[in-house]
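# Notes for the structure review
Residues per chain, in single letters:
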Amino acid sequence: MAELQQQSHDQQQPGQASQSQQVVRAATAVTAGGSLLILSGLILAATVIALAIATPLFVIFSPVLVPAVITVALIFMGFLASGGFGVAAVTVLSWIYGYVTGKHPPGADQLDHARLKLASKAREVKDRAEQFGQQHISGTQAS
């Protein structure tokens, strides 16, 4: 009988625990949400005050700040482009090294196909030029 009472007591606790957990979760959510809302309002107010103080300074110093910002932006873009071109060059050199050493990097088949096609066209143009030259020479000798 004592076991039966213990089992019924154990079955009631999860229901009560889940209700108390829900209350704790709700209280935590309200507290966290309220705190973040107050913090958001304070940050907005500080931003408006800082902007009101800084605006006259921006107007006074704009002849210096605008060219300075443009210069810094150009320098940053130059370094960024330089780094990008450097990475591209190292990548290309690495690909060429792999191609030359026979490691067959991606795109090597396309390059070989284009090389063969270009060589074929070059031979064709050479043959046509020789034929034209022979026709031109034989045509001038016949006249």
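Reference entry: report on the structure contained in this document. Source: prediction; values computed, not measured.

A tally of regular secondary structure across the chain gives 2 helices and 0 strands. Out of the 143 residues in the chain, the part that is buried amounts to 2%. With the model as given, the accessible surface of the chain reaches about 12500 Å², and the carbon-plus-sulfur share is 71%.

Together, Val66, Ile70, Leu74, Phe76, Met77 and Leu80 give the surface a local cluster of nonpolar side chains, amounting to about 640 Å² of exposed area. Following the sequence through the fold, Ile70 ends up in helix 1 (residues 2-100). With a relative accessible area of 47%, Ile70 lands in the partly exposed category.

Next up on the list: the pattern of salt bridges. Counting across every chain of the model gives 2 salt bridges. Arg115 is the salt-bridge partner of Asp112, the closest N and O atoms lying 3.7 Å from each other. You can see Asp112 and its partner Arg115 sitting in helix 2 (residues 108-142), 3 residues apart, about one turn around the helix. For Arg128, the salt bridge is made with Glu124, and the minimal N-O distance between the two is 3.4 Å. In this pair, Arg128 and Glu124 are both assigned in helix 2, 4 residues apart and thus about one turn of the helix distant. A relative accessible area of 56% means that Arg128 is categorised as exposed.

Looking now at the packing of aromatic side chains. Across all of its chains, the model carries 1 aromatic pair by this definition. When the ring of Trp95 is compared with that of Tyr99, the centres are 5.3 Å apart and the planes differ by 5°; the resulting orientation is stacked. Note that Trp95 and Tyr99 are positioned in helix 1 at a spacing of 4 residues, about one turn of the helix. Look at Tyr99 and you get partly exposed, because its relative accessible area is 27%.

Here is what the cut-offs are and how they apply
- Residues numbered from 1 in each chain as written.
- Predicted model: local features only at pLDDT ≥ 70, side-chain atom pairs only at ≥ 80, totals over all residues.
- Heavy atoms only, no water.
- Helix = DSSP H or I, 4+ residues; strand = E, 2+ residues; numbered from the N terminus.
- Buried < 20%, exposed > 50% of the residue type's maximum accessible area, 1.4 Å probe, protein only.
- Areas by Shrake-Rupley, 256 points an atom, 1.4 Å probe, with all protein chains shown as cover.
- Patch = residues over 30% accessible without salt bridge, like charges linked within 9 Å, V, L, I, M, F, W, Y side chains within 5 Å.
- Salt bridge = Lys/Arg side-chain N within 4 Å of Asp/Glu carboxyl O.
- Phe/Tyr/Trp six-rings, centres within 6.5 Å; stacked < 30°, edge-to-face > 60°.

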